[in-house]
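# A look at the structure
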Amino acid sequence: MGFKRREYLNGSRIFGCARCGTHLTTIDSMVSRQFNGQHGRAYLFNTVVNIECGEPSDRSMTTGLHTVRDIQCVKCGIILGWKYDRAYEEAQQYKEGKFILERNLLKDVEP
């Protein structure tokens, strides 16, 4: 398996993994707070670091059919949300390439 180098972020607010504190993203990368995940509120981000993506799968969601990949923390392995690979409805295509992180699985961390 080997050592995985983690990226450390700077910014006014940094979101990290609630379990291990690994840096994931910053407030500047947030697109929207108006999402829901499996564990409640969720946020949409442009970029997320220190994650591993699972295999793509089609999922029927409240906004239609999407191809998504579960994303997990590179350090502790907890599933944090998902990445949108494809949105089948034109109105939802702004999500493609973006990430959902579940609020309950995040915490504020120091730079």
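You'll find the structure just up there.
Model, not experiment: these values are computed from the prediction.

In this structure, strand β1 (residues 14-17) lies alongside strand β2 (residues 23-26), joined through three bridges in antiparallel fashion. The residue bridging Ile14 from the neighbouring strand is Thr26, located in β2. The turn joining β1 and β2, which pair antiparallel and follow one another in sequence, is formed by five residues; a positive phi near 85 degrees is taken by Gly21.

A few words now on the sheet that holds strand β10 (residues 106-109). Pairing within the open sheet is antiparallel, and its three strands lie in the order β2-β1-β10. The open sheet has two edge strands with one neighbour each: β2 and β10. Across this sheet, the average inter-strand angle for adjacent strands is 40 degrees, counted without regard to direction.

It is worth spelling out the pattern of salt bridges at this point. In total, this model carries three salt bridges according to the counting rule given. Asp70 is paired through a salt bridge with Arg59; the nearest N and O atoms lie 2.7 Å apart. One end of the pair, Asp70, is in strand β7 (residues 64-73); the other, Arg59, is in strand β6 (residues 57-61), and 11 residues separate them in sequence.

With that settled, the discussion passes to the packing of aromatic side chains. Under the defined criterion, the tally for this structure stands at four aromatic pairs. Taking 5.6 Å as the distance between ring centres and 65 degrees as the angle between the ring planes, the aromatic pair formed by Phe15 and Phe45 counts as edge-to-face. One end of the pair, Phe15, is in strand β1; the other, Phe45, is in strand β4 (residues 40-45), and 30 residues separate them in sequence. With a relative accessible area of 0%, Phe45 lands in the buried category. Measuring from centroid to centroid gives 6.3 Å for Trp82 and Tyr84, while their planes differ by 80 degrees, and the two rings are edge-to-face. When sorted by exposure, Trp82 lands in the same class as Tyr84, which is buried. Cluster of aromatic residues (ring-pair linked, three or more members): Phe15, Tyr43 and Phe45. One residue, Arg33, lies across the ring of Tyr43, its end atom 5.4 Å from the ring centre.

Criteria and cut-off values
- Residues numbered from 1 in each chain as written.
- Predicted model: local features only at pLDDT ≥ 70, side-chain atom pairs only at ≥ 80, totals over all residues.
- Heavy atoms only, no water.
- Pairing = 2+ DSSP bridges.
- Helix = DSSP H or I, 4+ residues; strand = E, 2+ residues; numbered from the N terminus.
- Axes fitted to C-alpha atoms, helices over the stretch in contact; angles between N-to-C directions.
- Salt bridge = Lys/Arg side-chain N within 4 Å of Asp/Glu carboxyl O.
- Phe/Tyr/Trp six-rings, centres within 6.5 Å; stacked < 30°, edge-to-face > 60°.
- Buried < 20%, exposed > 50% of the residue type's maximum accessible area, 1.4 Å probe, protein only.
- Lys NZ or Arg CZ within 6 Å of the ring centre and 35° of its normal.

Coordinates in, geometry out; function isn't part of it.
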